[in-house]
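Coordinate inspection notes
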Amino acid sequence: MAIDTLTIKAICMAIGLFCSTVAIAQCDKSYLAPLDVNAYYSGTESLTGEPLKTALNQLIDDHTKLSYACAWTILREADEDPLNSDNVIGFYGRRSIPKVDQDNGQSTGDFWNREHVWSKSHGISSTSMSAYSDLHHLRACDKSINSSRSDKDFADGGTPHSECSGCSVTTQSWEPAYEMKGDTARIMFYMATRYEDEPGESNLELVDAVDTSGSEFGDLCDMVQWSVDDPVDAPEMQRNEIVYQYQGNRNPFIDRPEYVLKIWGDTCGVSPPEPIDDDGDTIDDAIDNGPELANVSQADLDSDGIGDACDVDIDGDMVRNVIEVAVGTDPNDPADGEEAAELVAGAISGDKNVPALGAFGMLFLALSMLGLSIIRANRKRAVIGDV
């Protein structure tokens, strides 16, 4: 029988033992209502360059600051292996690691710890800074791979890493595996946008260079290209939602990936790829729910201009069809979006107040999210070729 952390804490106090605050950290989750993303970013659509970056900063700053100890608890949820709820997926290496193998000073490199993707040595000098415990850039990570990456800049090139398949390393830089490049870049864009001109925080800046120091980080233009080559996928979107529930802010470059090029595209000379539209329905195959079925003369329940056969959210309740099927709500009912969001949150967090999905539901949810990732992976290969 599972024992919750409050019970563990009470037992420890009763017998006079000190329990690690990492193990028993209680971290509040807001269970915010489903977000109207269009409303959230209203007023930013026509902006570019520094005005857009400033507007996004004003949207995402002053988030709820969580303790660094809380990161252990939240990473178990945010980075959970969708196919094994007892494990987390390590950043960079993508290895599934048991949650119980948390690094509390053990010597083995197979445990996992908390990776600051924007390295602490680049302007995050104190635990009192919000950036130190910002979950948008803290990731569960294989301990030995985290050590190898160290505080190196992100850039193309180097010698293949012996443990991190697809990664390359030099004395100055780290190149993530192909499928992690966009994820890494969007984290770094978030940090450079969130932390600027704020009392008590460093002004974090991305630069087109490596071997950086202070609060600068590189390589900006390599990362801009990575964000195009490796588009946003379902696990990134799901993680953004989870962190939003805790911190109350979002990574805008996951919600609005086109904003990367609106801010840094001209600086780096990077343009968006040409969309692929095999069925000629003006919907990019990367987001087309029916890439072989033209969006002509179809029913359109939510009147969004996308036929139901091609619409990933038929009823317009901001919860994708595949997720609604997984949790048992009706993808054709616009009134059950909040219920679906609560069921997903409860299934992931283990909230006792939310009905369990059961083994079939959780499996379908995981496979649905995996399917969305595969669609996007195929789209990437079609655009730039296999690497």
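For the structure itself, consult the block above.
How each quantity is defined
- Residues numbered from 1 in each chain as written.
- Predicted model: local features only at pLDDT ≥ 70, side-chain atom pairs only at ≥ 80, totals over all residues.
- Heavy atoms only, no water.
- Helix = DSSP H or I, 4+ residues; strand = E, 2+ residues; numbered from the N terminus.
- Buried < 20%, exposed > 50% of the residue type's maximum accessible area, 1.4 Å probe, protein only.
- Contact = heavy atoms within 4.5 Å.
- Pairing = 2+ DSSP bridges.
- Core = buried A, V, L, I, M, F, W, Y, C linked by side-chain atoms within 4.5 Å.
- Disulfide = S-S within 2.5 Å.

**Digging into the overall build of the protein chain**
Of the regular secondary structure elements, the protein chain holds 14 helices and 11 strands. By the burial criterion, 51% of the 387 residues in the protein chain qualify as buried. Pairs at least 24 residues apart make up 60% of the contacts formed inside the protein chain by residues separated by at least 6 positions.

**Details of the side chain of Ser173**
By the secondary structure assignment, Ser173 is in strand 9 (residues 173-175). If near-sequence neighbours (up to four positions away) are discounted, Ser173 is found in contact with Lys152, Asp153, Ala155, Gly157, Ser168 and Val210.

**A short note on the sheet that holds strand 7 (residues 159-160)**
With mixed pairing, the 4 strands of this open sheet are ordered in space as 6-9-8-7. Taken across any chain shown, the strands that pair with only one partner, and hence form the sheet edges, are strand 6 (153-154) and strand 7.

**What to know about the nonpolar core**
Grouped together as the largest cluster of nonpolar side chains are 49 residues, with contacts concentrated most on Tyr92, Trp118, Phe154, Phe189, Leu206 and Val224. Elements with a minimum of two residues in this core: helix 3 (37-40), helix 4 (49-60), helix 7 (178-194), helix 8 (220-229) and helix 11 (259-268). Setting aside anything within four residues of it in sequence, one finds Phe154 in contact with Tyr92, Val117, Arg149, Trp174, Pro176, Thr184, Met188, Phe217, Gly218, Asp219, Met223 and Trp226. By size, the runner-up hydrophobic cluster in this structure holds 17 residues, among which are Trp72, Leu75, Ile242 and Tyr246.

**A word on the state of the cysteines**
Evaluation of the coordinates by the stated rule reveals 3 disulfides. The disulfide that involves Cys27 links it to Cys70, with 2.1 Å between the sulfurs. Between Cys27 and Cys70, the S-S torsion sits near -115°, and that sign places the bridge as left-handed. Here Cys70 lies in helix 5 (residues 68-78) and Cys27 lies in the loop between helix 2 (21-24) and helix 3, a separation of 43 residues in the sequence. Pair check on accessibility: Cys27 and Cys70 agree, each one buried. Here Cys164 connects covalently by a disulfide to Cys167, the sulfurs 2.1 Å from one another. Judged by its relative accessible area of 0%, Cys164 falls in the buried class. Cys167 gets classed as buried once you look at its relative accessible area, which sits at 2%. Free cysteine: Cys141, not disulfide-bonded; nearest cysteine sulfur from Cys164 at 8.0 Å. Note on Cys141: relative accessible area 0%, which makes it buried.

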